[in-house]
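This is what each chain is made of:
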Amino acid sequence: HVIEAVTFRSMEDLAKEYVFDPFGMSSSSLVWQSNYGDRVAVGHTDMGIALDKFVPQQANAAISLHTTASDYARFLIGIQSSDDLGRRLRRDADLAQVDALDGVFWGLGWGLQPTMDGSARWEWGDNAGYKSFAWLAPDASEGFVMLSNSANGMLILHSLFEAIVSGPQTAVRWLNYERYDDPA
């Protein structure tokens, strides 16, 4: 709301100009788009009950992003890129602001997981019926985006991380989600 008040522009227009268009995120929006109807995965509870589609009419940076895994990967790689926006965001976002303990730090906008090559960036989402996780190595040589339409979506996170990323699961362990293969 502050950004909108200061710029006299909508958050959606600003996101499109400064993030979505520069990073080639053609399937992303902070407000509901009419062409999303058949493409949106409906969220489900932990018991498999479908929830109503979330169709935000106003942008809310914390919860209203509709995107695809490939678009979100473009965002992560765009931050890593050498263009001016990417350099500034990377510099500011990679500075540890808070020690969250257990080898995890908070930068501006996402978690930081120290590695031998610098700080890996990670982000997770935990909304009703939807779970997500994104991780990118400091040099962008490894990474993934996981989007789930289930309250149980994080049950596979440990195994997915192990299959894709070499190195410690510091961020995944810190989140402390159950594993699908946990006997308990």
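Right above here is the structure, for reference.
Draft legend 1. View of the overall build of the protein. Along its length, the protein carries 6 helices and 6 strands. Element order for the protein, N to C, with α for helix and β for strand: α-α-α-α-β-β-β-β-β-β-α-α. The C-alpha atoms of the protein give 17 Å as radius of gyration, which agrees with the globular expectation for 184 residues (16 Å, within 12%). A total of 184 residues make up the protein; the buried ones form 36% of that total.

Draft legend 2. Representation of the side chain of Thr170 within the structure. With respect to the secondary-structure elements, Thr170 resides in helix H6 (residues 170-175). Once residues lying within four places of it in the same chain are set aside, the contact partners of Thr170 are Asp102, Gly103, Val104 and Gln113.

Draft legend 3. Focus on the packing of aromatic side chains. Under the definition given, this model contains 15 aromatic pairs. Summarising the aromatic geometry, the rings of Trp32 and Tyr36 are spaced 5.7 Å apart at their centres and angled 90° between planes, so their arrangement reads as edge-to-face. The burial state of Trp32 is the same as that of Tyr36; both residues are buried.

Draft legend 4. Spatial organisation of the sheet that holds strand E5 (residues 130-136). Taken in spatial order, the 6 strands make up an open sheet running E1-E2-E3-E4-E5-E6, and their pairing is antiparallel. The open sheet is flanked by strand E1 (98-101) and strand E6 (143-148), the only strands paired with a single partner. For this sheet the average axis-to-axis angle between neighbouring strands, irrespective of direction, equals 25°. Both strand E4 (residues 118-127) and E5 contribute to a ladder of 7 bridges, which runs antiparallel. Bridging across to E5, Gly125 finds its partner in Ser132. Sheet strands in contact with helix H5 (residues 157-164) are E5 and E6, and its direction is about 155° off that of E6.

Draft legend 5. Focus on the pairing of strand E3 (residues 111-115). Relative to E3, strand E2 (residues 104-106) is paired through 2 bridges, and the arrangement is antiparallel. Among the inter-strand pairings, Trp106 is bridged to a residue of E3, identified as Gly111. Remark: 4 residues form the turn of the hairpin made by E2 and E3, two consecutive strands paired antiparallel; Gly109 in that turn has positive phi of roughly 100°. By the bridge criterion, 5 bridges tie E3 to E4 in an arrangement that is antiparallel. For Gln113, the partnering residue across the bridge sits in E4 and is Ala120.

Draft legend 6. Layout of the environment of Gly43. Residue placement: Gly43 occurs in the loop between helix H2 (11-20) and helix H3 (69-80). A residue is classified by how much of its surface remains accessible, and Gly43, at 0% relative accessible area, is buried. Residues Gly43 and Arg173 lie 130 residues apart in sequence; the distance between their C-alpha atoms is 25 Å. For Gly43, the contacting residues outside a window of four places in its chain are Ile49, Ala50, Leu51, Gly129, Tyr130 and Asn149.

Draft legend 7. Layout of the pattern of salt bridges. Inspection of every chain in the model, using the stated rule, returns 6 salt bridges. Note that Lys131 and Asp126 form a salt bridge whose closest N and O atoms lie 2.3 Å from each other. A salt bridge links Glu162 to Arg179; its shortest N-O distance comes to 3.3 Å. Placement of Glu162 in helix H5 and of Arg179 in the segment after H6 is noted, with a sequence separation of 17 residues between them. Here Arg179 falls in the partly exposed class, since its relative accessible area comes to 26%. Members of the salt-bridge network, linked through shared partners, are Glu162, Arg179 and Asp181.

About the thresholds
Residues numbered from 1 in each chain as written. Predicted model: local features only at pLDDT ≥ 70, side-chain atom pairs only at ≥ 80, totals over all residues. Heavy atoms only, no water. Helix = DSSP H or I, 4+ residues; strand = E, 2+ residues; numbered from the N terminus. Rg over C-alpha atoms; globule rule 2.2 N^0.38 Å. Buried < 20%, exposed > 50% of the residue type's maximum accessible area, 1.4 Å probe, protein only. Contact = heavy atoms within 4.5 Å. Phe/Tyr/Trp six-rings, centres within 6.5 Å; stacked < 30°, edge-to-face > 60°. Pairing = 2+ DSSP bridges. Axes fitted to C-alpha atoms, helices over the stretch in contact; angles between N-to-C directions. Salt bridge = Lys/Arg side-chain N within 4 Å of Asp/Glu carboxyl O.

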